[in-house]
Amino acid sequence: MKIKKTAALTLATLLGACGGAGAGAGPAPDGALTVRMPAAPSARFVKADTSVVTVDAPGIGTFDLDVKAEATVSVAFTEAPNGLKATATYQALSGSMTNPMGAPLNVDESAVTGQLVFTVDGRGRTTVTESLGVDLEAVQLVSPSGFAYELFPRLPDRTVSVGDSWIDTITVNEDAEGITSETIAIVTYTVAGDTTVGGRSLMKLNTDSDIEASVSGTMQGMSMSQNMSGSGSGWVLWDAAMSLVHSSFSVGDLAGLMSIDAPGAPDMSLTVSSRSYTKRAAN
C-alpha cells in the first residue's frame, strides 16, 4: 500500500509537467504567439491518461501498477488583471488502478469536488488559487491542481517562424495525505508548422522535457522519500483564433528510488511510463 500511494502521487504531478499544454477571435494584432482571453467564454476538454509504474522491491519482487483515467473537464473563462481566469470543473471521471498487492481501485466523478481556479498570463504561466477536493483514494489518480498546468502551453509572446524554439520551466507542487511532491520540467517548445484539422488552422508545437520529481513525507508513522528523473516529449496543436489548445499529447519516462525510514527496509527502484492525451470537445 505504501508503494502504491507514493508512486501514484509522483505520477499525478508528472502528467501535468510533461508538456502537455485582449479578447476576441483572430490572431493577436501584432502577430505574437501569446495567450489571450479565449474567443468563447467556456470550453470542454476530454483527457485520457494511462501509465505503468514498475516497482522492484527486494524481498518482494518486481510488479506493475497499471493506472488509467479518463475525464471530461468544463472550463469557464473570465478576464483577469494580468491575463485570464479559468475555473475548471470535472463533469465526468472514470479511473482505475490495478496492482498485484491488493484489490483494484476504481473511482468516478463523485470522488472529485469543488473547482480548480487559476490565472494565466500572456505567456501561459499559471497560478493556482483554488485546488480541487479529491477523495483519499482518488488522489492516487487525479492531481488536485495538475490540469491547470496542462491546459495552456508556455508561449513566447512574440512572433515566431517554423523552427523557432524557446525554453520554459514548469513546476507543479502537490500536498496530499501528509505527502509533499514536486515535479520540475524544463520544456523546450519548437514550432513545427501549421496544419488544418476540421477546417481550422492550427499551429503545431513539438515539446521535449527534462523532468525531476521528488516526494517526501510521513505515512503510517514512517518517513519516506522518493526521487526520480527522466524525460518527456509530445506536441500541442494551438488554435490561435480561439486562443486555446485544440489537442495535445505527451509521453514521459522516469526512473528512480524510493526509501522508507524503517529498520531493514531496502531502497526500492521505480520506473514510470506515462501517456496523456487531451482534446477540446464540442460544448
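What counts as what
Residues numbered from 1 in each chain as written. Predicted model: local features only at pLDDT ≥ 70, side-chain atom pairs only at ≥ 80, totals over all residues. Heavy atoms only, no water. Helix = DSSP H or I, 4+ residues; strand = E, 2+ residues; numbered from the N terminus. Buried < 20%, exposed > 50% of the residue type's maximum accessible area, 1.4 Å probe, protein only. Phe/Tyr/Trp six-rings, centres within 6.5 Å; stacked < 30°, edge-to-face > 60°. Pairing = 2+ DSSP bridges. Salt bridge = Lys/Arg side-chain N within 4 Å of Asp/Glu carboxyl O. pLDDT = per-residue confidence, 0-100. Contact = heavy atoms within 4.5 Å.

Re the overall build of the protein
Phase 1: Of the regular secondary structure elements, the protein holds two helices and 14 strands.
Phase 2: The burial tally for the protein puts 50% of its 283 residues in the buried class.

Quick word on the packing of aromatic side chains
Phase 1: Inspection of the entire model under this criterion finds six aromatic pairs.
Phase 2: Arranged with centres 6.3 Å apart and planes meeting at 75°, the rings of Phe77 and Phe152 form a pair that is edge-to-face. Taken together, the positions of Phe77 in strand β2 (residues 61-80) and Phe152 in the loop between α2 (147-150) and β9 (165-176) put the pair 75 residues apart, joining distant regions of the chain. Here Phe77 and Phe152 have matching classes, each one buried.
Phase 3: Between the aromatic rings of Trp166 and Tyr189, the centroid separation amounts to 5.8 Å while the plane-to-plane angle is 15°, which identifies the pairing as stacked. Note that Trp166 is positioned in strand β9 and Tyr189 in strand β10 (residues 179-197), a separation of 23 residues in sequence.

Here's the deal with the pairing of strand β6 (residues 116-120)
Note on strand geometry: in a regular strand, side chains alternate between the two faces of the sheet.
Phase 1: When you tally the buried positions in β6, you get four out of five residues, the bulk of the element.
Phase 2: In terms of strand pairing, strand β3 (residues 83-98) meets β6 through five bridges, oriented antiparallel. Along β6, the bridge assignment pairs Ala86 with Phe118.
Phase 3: Inspection of the sheet shows β6 paired to strand β7 (residues 126-130) by four bridges, in the antiparallel sense. Looking across to β7, one finds that Val120 is bridged to Thr126.
Phase 4: Counting the residues between successive antiparallel strands, the hairpin from β6 to β7 contains five residues, one of them, Gly124, with a positive phi of roughly 85°.

Remarks on the pattern of salt bridges
Phase 1: Evaluated as defined, the whole model comprises eight salt bridges.
Phase 2: Ionic pairing is found between Asp168 and Arg123, a salt bridge with its closest N-O pair at 2.6 Å. One end of the pair, Asp168, is in strand β9; the other, Arg123, is in the loop between β6 and β7, and 45 residues separate them in sequence.
Phase 3: A salt bridge links Arg200 to Asp239; the nearest nitrogen and oxygen atoms lie 2.6 Å apart. Of this pair, Arg200 sits in strand β11 (residues 200-219) while Asp239 is found in strand β12 (residues 222-239), placing the two residues 39 residues apart along the sequence.

As for the confidence of the model for the protein
Phase 1: Counting all residues, the mean pLDDT for the protein is 87, and 88% of those residues have values of 70 or more.
Phase 2: The weakest mean pLDDT in the protein belongs to helix α1 (residues 2-17) at 48; the strongest belongs to β6 at 97.
Phase 3: Every residue in residues 1-6 scores below 50 in pLDDT, and together they form 21 contacts with partners more than four places removed in sequence or on other chains.
Phase 4: This model gives residues 19-29 a pLDDT under 50, and the stretch forms 32 contacts once residues within four places in sequence are excluded.

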